[in-house]
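The lines below spell out each chain.
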Amino acid sequence: MRDTVNLEDKELKELFKLADEIGNKRYHKLTYQDFENYRKYDYWRYINGDYECGTTQESKDWVKDHSDCYCPICGDNYSTKGGKTIDHKLPRSQYPWLSIEFKNLWVICKFCNQEKGDRHWYNYEHYIFVRYPNLYLAVKAARPSLLLQSVKD
């Protein structure tokens, strides 16, 4: 068993490598239940129209409780950016078992979600740093370090 790693002290490149290492180990251990949970979650978070997230009252309430009128990345009002979306910090394409982990979710505007795409989080941080340096601190503040620590353990 590895010693506990303080992710806050790691460089971006090291964190990216650690996340990939974790993902590659876990991805091959997915169970049938993991996929069933993923399908249920996909229905739960489905984006319904331009301004409303979720298909169930539970998902709509979650969005309301975890967002205000402004995107945490760009700071713009959701209504000026095509609405809001429920996004995975660590992409579900790389970490499908985290698709229903609420610590992995956040509400961002459609534009920022499209910019992020399926990029790995740390690749996304680098992308923001290079293309939109004025937004980097907001993205860095949302870094899923604790989530990665919990995946490692």
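## Details of the pairing of strand β3 (residues 84-88)
Summarising burial for β3: five of the five residues are buried, a large majority. Judged by which residues are buried, β3 turns out to be covered on both faces: Lys84, Ile86 and His88 on one side and Thr85 and Asp87 on the other are all buried. In terms of strand pairing, β3 meets strand β4 (residues 105-109) through five bridges, oriented antiparallel. In the sheet register, His88 faces β4, and the bridge partner there is Leu105.

## Regarding the pattern of salt bridges
Pairs can form between side chains of opposite charge whenever their charged atoms are close. Enumeration according to the criterion identifies three salt bridges in this entry. One salt bridge in this structure joins Lys116 and Asp87, with 3.3 Å as the shortest N-O distance. In this pair, Lys116 is assigned in helix α4 (residues 110-116) and Asp87 in strand β3, connecting sequence segments 29 residues apart. Asp87 sits in the buried class, given a relative accessible area of 6%.

## So, the packing of aromatic side chains
Two measures describe an aromatic ring pair: the distance that separates the ring centres and the angle between the ring planes. Counted by the stated rule, this structure contains five aromatic pairs. Pairing Tyr127 with Tyr132 gives two aromatic rings, centres 6.4 Å apart and planes at 70°, and the pair type is edge-to-face. When its relative accessible area of 12% is taken as the criterion, Tyr127 is described as buried. Members of the aromatic cluster, each reached through a chain of ring pairs, are Trp106, Trp121 and Tyr124. Seen from the ring of Trp106, Lys89 lies directly overhead, with NZ or CZ sitting 5.2 Å from the centre.

## Comments concerning the side chain of Thr85
Mapped onto the fold, Thr85 is located in strand β3. A distance of 2.8 Å separates polar atoms of two side chains, one belonging to Thr85 and the other to Asn113.

## As for helix α3 (residues 57-65)
Buried within α3 are the following residues: Ser59, Trp62 and Val63. The buried residues of α3 occupy an angular sector of 100° when projected down its axis, which confines them to one face. Residues of α3 that are exposed and angled more than 90 degrees away from the buried face: Gln57, Glu58, Lys64 and Asp65.

Rules behind the numbers
Residues numbered from 1 in each chain as written. Predicted model: local features only at pLDDT ≥ 70, side-chain atom pairs only at ≥ 80, totals over all residues. Heavy atoms only, no water. Buried < 20%, exposed > 50% of the residue type's maximum accessible area, 1.4 Å probe, protein only. Helix = DSSP H or I, 4+ residues; strand = E, 2+ residues; numbered from the N terminus. Pairing = 2+ DSSP bridges. Salt bridge = Lys/Arg side-chain N within 4 Å of Asp/Glu carboxyl O. Phe/Tyr/Trp six-rings, centres within 6.5 Å; stacked < 30°, edge-to-face > 60°. Lys NZ or Arg CZ within 6 Å of the ring centre and 35° of its normal. Polar contact = N/O pair within 3.5 Å; in protein donor to acceptor, adjacent residues only side chain to side chain. Arc of directions from axis to C-beta.

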